[in-house]
Amino acid sequence: MAPIPQLLIGIGAISAVTTVLAIIMVIADATIANYGDVQIRINDEKEVTVEGGRPLLSSLMEEKIFIPSACGGRGSCGLCKVQVTSDIGDYLPTELPWISDEEKTENIRLSCQLKLKKDISIQIPEELFNVREYECEVASIVDLTYDIKQVILRLKEPAEINFKAGQYIQFQVPEYELTSESVYRAYSMASQPSRHNEVELEVRLIPNGICTTYVFEHLKEGDTVTINGPYGDFHLRETDARIIFIAGGSGNAPVKSILYNMLENNNSREALYFFGARAVRDLFLVDEMKELENKLSNFKYIPALSEPLPEENWKGETGLITEVLDRHIDSGENTEAYLCGSPGMIDAAVAVLTKNGIPEDKIYYDKFA
Amino acid sequence: MSEGIAFYAIFFAAIFTNNILLTNYLGMCSFLAVSREVSTSEGLGGAVIFVMTATSVLNWLAYHYILVPFDLVYLRYIVFIVIIAAFVQLVEMVIERISDKLYASLGIFLPLITVNCAILGVSLFMVIRNYTFFNSVFYGLGSGIGWTVAIIAMAGIRQKMARSRVPKGLTGAGITLIIAGIMALAFMGFSGMIKIT
């Protein structure tokens, strides 16, 4: 057969096969996968109508109800839990790794995995109604260290945010080279609640991290970004117990927010802040912390370096944060601990704290996985 | 030529002597990723058995009634892939519609195997080896069962191994590949019993 007609037959055959399959898929999509409109009943008071066949998480998001989620609906963070009070069938295997036995009795489900096929009623914490989407302008980007940047966002619409010191927001990363769809990443606010009109973040560069690369290489002052929040129950408990803060790297952010909030409220509880870093070049905002030591009557900042360089001439605490911690706490009596950092650091620090007599229900933390 | 081979010989050969996973090392990525628990392996295995059998039927028909008559055999890769992808999507939609239980146990694994090379491999082997329609069906079914046997065996071993101490550098995929290699050696003990190529 001559090459040209054969080529045409090939193109024709492929087109025919794919067209037939595409038509079948379109028909299937409009019939089999068409679930019509479904109603979501929230906390027995609010009702919204959404298009069926899509995950609960994104349907709620479209209705401006934001369930915390760090992975953007891929089922890999296990945060977007909601309680379902109507019958929607058994757990999916993709949910099970995140659901404890106790949560099963309350029918807590992972909202990103639940496809809406019929009307559903759910219970969510009342405070999630406070979660809003904020359009902001990047007011400033400052290098805190070689791999941590301070980003200040000025809120435009709405212009004010109310939150508790220590809470976090989700930063929306638009499509760019590293991601083909927009994703959300959680960052703790370093600003204190009295700064209603802005949000300060501390972003540490993670090689090839979708959000951190975006912030480090693409974000400029004056850019518009979208965040939503506030989320989280990492905030200071109202007791008179001694406070131990432990943080590493950008885990400093919520601690800073809590400390400045304490300062503004004249809170004079005894507080120790252990900040773990490798070398002097990893320390930041040291002057601010020293100033806080002067202004807050019972506060002490204890930076600890694990690998100080000889030329840096470090005179402070040396060793892993856990070793330094172990040296400083003698009794765990009437003490609360607030931790923010990598999962490895948190686990190690929790072990040291419980060894020194601080019960686990007095240890509060944000793990940055 | 394959006319001489009985369907049951192909069926058992596909499970044991020519196990697609352990002798051809196809379908590795889902094998490594989903072999942590026996129960999920069973779900994935069931989905693979079903899709392999059904797509070998569809692809056999497409090959012998569309590609061969028009002399378009060179297009088999793309046609097979498109048919597999569309079929898997369709089955997922249907399962999701009709049964939550079936969707929970089998349906959610379907997207995982759209791009499973073992599925494409079975379709390609069956046309390369010139199997008849009937033999292809049993080759697809046998390969699916063989893949499932291999992943369930691996999941069983990994569950047992959860408590053993694996050298640090070998945890995860490393030790799994080594075990797969040893399993492949064991399956080689079956070879020579039946020849199907």
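Note that residues are indexed from 1 along each chain, following the sequence as it is written. In the order they appear in the text, chains get letters beginning with A and ligands get numbers beginning with 1. Note on the predicted model: pLDDT of at least 70 is required for a residue's local features to be given, and 80 or more for side-chain atom pairs to be given and counted; whole-chain, interface and lining totals, by contrast, use all residues. Side-chain figures throughout are based on the complete set of non-hydrogen atoms in the structure, without hydrogens or water.

Caption draft 1: The overall build of chain B, seen in detail. Working definition: helices are DSSP H or I runs of at least four residues, strands are E runs of at least two. Numbering for both runs from the N terminus. Per the secondary structure count, chain B includes nine helices and zero strands. Mapped in sequence order, the helices and strands of chain B form the string α-α-α-α-α-α-α-α-α. Any residue under 20% of the maximum accessible area for its type is buried, any over 50% is exposed, and the rest in between are partly exposed; the area is computed with a 1.4 Å probe on protein chains only. For chain B, with 197 residues in total, the buried portion stands at 50%. The criterion used for residue contact is that any of the two residues' heavy atoms lie within 4.5 Å. In chain B, the share of contacts with a sequence separation of at least 24, taken over all contacts with a separation of at least 6, comes to 80%. All accessible-area figures derive from a Shrake-Rupley calculation using a 1.4 Å probe, and residue coverage is judged against the displayed protein chains alone. Total accessible area computed for chain B in this model is approximately 9100 Å², and 70% of it derives from carbon and sulfur atoms.

Caption draft 2: Focus on the packing of helix 3 (residues 38–67) of chain B against helix 8 (residues 133–161) of chain B. Residue and element names in this part refer to chain B. Inter-axis angles, ranging from 0 to 180 degrees, are taken between N-to-C directions of lines fitted to C-alpha atoms, where helices are fitted over the stretch in contact. Between helix 3 and helix 8, the least distance of the axes is 8 Å, while the angle of their chain directions is 165°. Taken together, helix 3 and helix 8 sit at an angle that is classed as roughly antiparallel. Considering the relative orientation of helix 3 and helix 8, their crossing is right-handed. Looking at the contact of helix 3 with helix 8 residue by residue, the classes come out as 16 nonpolar, 12 polar and one charged. Orientation categories follow fixed angle ranges, with anything under 35 degrees roughly parallel, anything over 145 roughly antiparallel, 65 to 115 roughly perpendicular, and all other angles oblique. A clockwise turn of the near helix away from the far one marks a right-handed crossing, whereas an anticlockwise turn of less than a right angle marks a left-handed crossing. Amino acid classes used here: Ala, Val, Leu, Ile, Met, Phe, Trp, Tyr, Cys and Pro are nonpolar; Asp, Glu, Lys and Arg are charged; the rest, including Gly, are polar.

Caption draft 3: The arrangement of the pattern of salt bridges in detail. Residue and element names in this part refer to chain A. When a carboxyl oxygen of Asp or Glu lies within 4 Å of a side-chain nitrogen of Lys or Arg, that pair is called a salt bridge. As enumerated under the stated definition, the model contains 21 salt bridges over all chains in all. Across the salt bridge formed by D101 and K104, the nearest N and O atoms sit 3.8 Å from each other. Placement of both D101 and K104 in helix 3 (residues 101–105) is noted, with a separation of three residues, approximately one turn of the helix. Using a relative accessible area of 61% as the deciding quantity, one classes D101 as exposed. As a salt-bridge pair, R204 and D147 come within 3.3 Å of each other at their nearest N and O atoms. You can see R204 sitting in strand 10 (residues 198–204) and its partner D147 sitting in the loop between strand 6 (132–143) and strand 7 (148–157), a full 57 residues away along the chain. R204 gets classed as partly exposed once you look at its relative accessible area, which sits at 34%. Residues joined in a network through salt bridges with shared partners are R195, E198, E200 and K256.

Caption draft 4: Expanded view of the pairing of strand 13 (residues 271–277) of chain A. Residue and element names in this part refer to chain A. Counting buried residues along strand 13, seven of its seven residues qualify, which places the element largely inside the surrounding structure. The criterion for strand pairing is that DSSP finds at least two bridges linking the strands in question. Taken together, the six bridges between strand 12 (residues 242–248) and strand 13 define a ladder with parallel strand orientation. The residue bridging F245 from the neighbouring strand is Y273, located in strand 13. The handedness rule is simple: strands pointing away from the viewer, and a clockwise path from the first strand over the helix to the second, make the crossover right-handed. Considered for its hand, the β-α-β crossover made up of strand 12, helix 5 (residues 252–264) and strand 13 is right-handed. Running through helix 6 (residues 286–295), the crossover from strand 13 to the neighbouring parallel element strand 14 (residues 299–305) is right-handed.

Caption draft 5: Examining the packing of aromatic side chains more closely. The rule is short: rings of Phe, Tyr and Trp, with Trp giving its six-membered ring, pair when the centres are within 6.5 Å, and they are stacked under 30 degrees, edge-to-face over 60, tilted in between. Across all of its chains, the model carries 22 aromatic pairs over all chains by this definition. Centre to centre, the rings of Y131 of chain B and Y139 of chain B are 5.2 Å apart; their planes meet at 70°, and the pair counts as edge-to-face. For the pair Y131 of chain B and Y139 of chain B, one class covers both residues: buried. Ring pairing ties together the aromatic residues F234, F245, Y273, F275, F284, Y301, Y338 and Y364 of chain A, which thus form one cluster. Cation over ring: R109 of chain A sits above Y91 of chain A, and NZ or CZ is 4.5 Å from the ring centre. Two conditions define a charge sitting above a ring: the NZ of Lys or the CZ of Arg must be within 6 Å of the ring centre, and it must be within 35 degrees of the ring normal.

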